[in-house]
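Single-letter residue listing:
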Amino acid sequence: MLVERKNNEIIIRLDGSVNADFLQQTLDYLRYLEIGAKSKATQSQIDQLADEVNKGWWEKNKSKFIK
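J.: Honestly, the pattern of salt bridges in this entry has me stumped. Any pointers?
T.: Side chains carrying opposite charge are able to pair once their charged atoms draw close together. Within the structure shown, the criterion is met by four salt bridges. Between K6 and E4 there is a salt bridge, with its nearest N and O atoms 3.9 Å apart. Accessibility expressed as a relative area gives 44% for K6, which makes it partly exposed. The partner of K62 in a salt bridge is E59, with the nearest N and O atoms 3.4 Å apart.

Here it is, written out as structure tokens:
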């Protein structure tokens, strides 16, 4: 693995044998951290949004779990 910093970017080079699914999950998490660092939302606003998303998901999917 090689990590380089160029201008305002960090470049990471990995061997091709790295599990692509795991790598994508890791990159998604890093993107989440990057976005979160720029956010001006309060924890209360984030919690409220999460509750709304979860409620909407449950309404759409509860028939798959409750018969």
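Having put the structure on the table, let's press on.
J.: Please clarify how the packing of aromatic side chains should be interpreted in this entry.
T.: Pairs of aromatic rings are described using the distance from one ring centre to the other and the angle between the two planes. Evaluation of the coordinates by the stated rule reveals four aromatic pairs. An angle of 45° between the planes, with centres 5.9 Å apart, marks the rings of W57 and F65 as tilted. Among the residues examined, W57 registers a relative accessible area of 46% and is labelled partly exposed. By relative accessible area, which is 53% here, F65 ends up exposed. Through successive ring pairs, a cluster of aromatic residues spans W57, W58 and F65.

About the criteria used
Residues numbered from 1 in each chain as written. Predicted model: local features only at pLDDT ≥ 70, side-chain atom pairs only at ≥ 80, totals over all residues. Heavy atoms only, no water. Salt bridge = Lys/Arg side-chain N within 4 Å of Asp/Glu carboxyl O. Buried < 20%, exposed > 50% of the residue type's maximum accessible area, 1.4 Å probe, protein only. Phe/Tyr/Trp six-rings, centres within 6.5 Å; stacked < 30°, edge-to-face > 60°.

Such coordinate-based values are descriptive only and should not be taken to indicate function.
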